[in-house]
Amino acid sequence: MNRSVRLFLFISVSLVFLSLCLGVLTRLQLVRHTMPTPEDIVQWHSLVDLHLPSVKSGYGDVAFEDAKMAFYTQQAIFIDARPYEAYQRAHIPGAIFLYSKDYDVLKTKLTFSKDQLVIVYCSTQQCQMANKTADLLVKDGYRRVYVLTGGIKEWAANQGDLESHYVTF
Amino acid sequence: MLHFNSRVMSFICDALTVALGLMWVYAGSMKLTDLWGLMDSLLQYNLLPVSWVTMAASTLPWMELLIGAGLIMGVLPYLKRVSENRIFLLTMSWMSMTLLTVFFVAMYSVMWRGLEVTCGCFGAGAQFVGWVTIGRDFGLILLNSVLLWRLKV
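Reading guide: rules and limits
Residues numbered from 1 in each chain as written. Chains lettered and ligands numbered in written order. Predicted model: local features only at pLDDT ≥ 70, side-chain atom pairs only at ≥ 80, totals over all residues. Heavy atoms only, no water. Buried < 20%, exposed > 50% of the residue type's maximum accessible area, 1.4 Å probe, protein only. Helix = DSSP H or I, 4+ residues; strand = E, 2+ residues; numbered from the N terminus. Contact = heavy atoms within 4.5 Å. Buried area = accessible area lost by both parts, 1.4 Å probe. Salt bridge = Lys/Arg side-chain N within 4 Å of Asp/Glu carboxyl O. Polar contact = N/O pair within 3.5 Å; in protein donor to acceptor, adjacent residues only side chain to side chain. Disulfide = S-S within 2.5 Å.

Asker: Help me get a handle on helix H2 (residues 35–45) of chain B, residues and values and all.
Answerer: Given 3.6 residues per turn, any residue in an α-helix points the same way as the ones three and four places further on. Residue and element names in this part refer to chain B. Of all 11 residues in H2, 11 are buried, a share of seventy percent or more. Within H2, burial applies to Leu35, Trp36, Gly37, Leu38, Met39, Asp40, Ser41, Leu42, Leu43, Gln44 and Tyr45. Asparagine 46, located one to two residues past H2, shows a positive phi value of around 55°.

Right, here's the structure in full:
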């Protein structure tokens, strides 16, 4: 093996090794979501009633604070519009899995009233799957459909409750 | 007619190397600022075991950043005079090519399986994997091939 090849291998392996080391450090630094304390829940319950903007046609947007209140006061049904692997990994407790692409098959699970407050979410603000699912729900006659602004990312970042089918995160 | 070894072509290749490096730095930093989104995208691709996703999402942005920084450093006038610089730049270009090829295969497999997946190419954007993202990746592979060919001349 000549010097050039050895140097090539050395640089490649060093780069991968350095990336892995930084990756391990990053993984350790990843924010772990925590359960809200009972005091938090009491405080949320003591807040004023949920006032969401009315939806004339189509669906509306709901901010994290309102969604959290709706969650802890059990006023809303949450729908997870992401693929099943993402849903399994972490979702808002009790959220119904309804991946936008498989909407026609999965909508049979929706047994609640068309007047029920529904909050749809996907991963982030930019993710379009929640909007797609919300659009389909509205077309199916659901009248109070909202999309969670910031998605589950913001929910987790603000220490919203999460449920996972996996032990590791 | 311009020869590939001419000064102008050398300058163009250096500029393209810097552009590719900046692209990697941008992609890596965008991913690093949105690891949750990246993890979500990786899960949607459904190519890695779930237990590997967090580690992959933590490592990939750093790898991109290092490759980008390496490509940019490789064309710095001072470092160009170092005799090992060509091997260094060649290694970085091969690493870049490997990553681009992996992304190309991953995106093509998504299209082939008929999945609707957010690309996650430059952080968690709204862009879904499609012919546009595959075409963009293919363009970058072509660019990278030109740079590799240039380094071997």
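There is more to say after this.
Asker: Please set out the interface of chain A and chain B residue by residue, giving values where relevant.
Answerer: Of the residues lining the interface, 37 residues belong to chain A; the matching set on chain B comes to 36 residues. With both sides pooled, the region where chain A packs onto chain B buries about 3400 Å², and carbon together with sulfur makes up 72% of that total. Summed over the shared surface of chain A and chain B, the number is zero salt bridges. Here chain A is connected to chain B by three residue pairs in polar contact (both at pLDDT 80 or more). Elements supplying a minimum of two residues to the side of chain A that touches chain B: helix H1 (3–29), helix H4 (84–89), helix H6 (129–139) and helix H7 (151–157) of chain A. For the side of chain A that touches chain B, the element with the highest residue contribution is H1 of chain A, accounting for 16 residues.

Asker: So what about the state of the cysteines? Which residues, and what values?
Answerer: Residues and elements named next belong to chain B. Throughout the structure, instances matching the rule amount to one disulfide over all chains. Here cysteine 119 connects covalently by a disulfide to cysteine 121, the sulfurs 1.5 Å from one another. Judged by its relative accessible area of 6%, cysteine 119 falls in the buried class.

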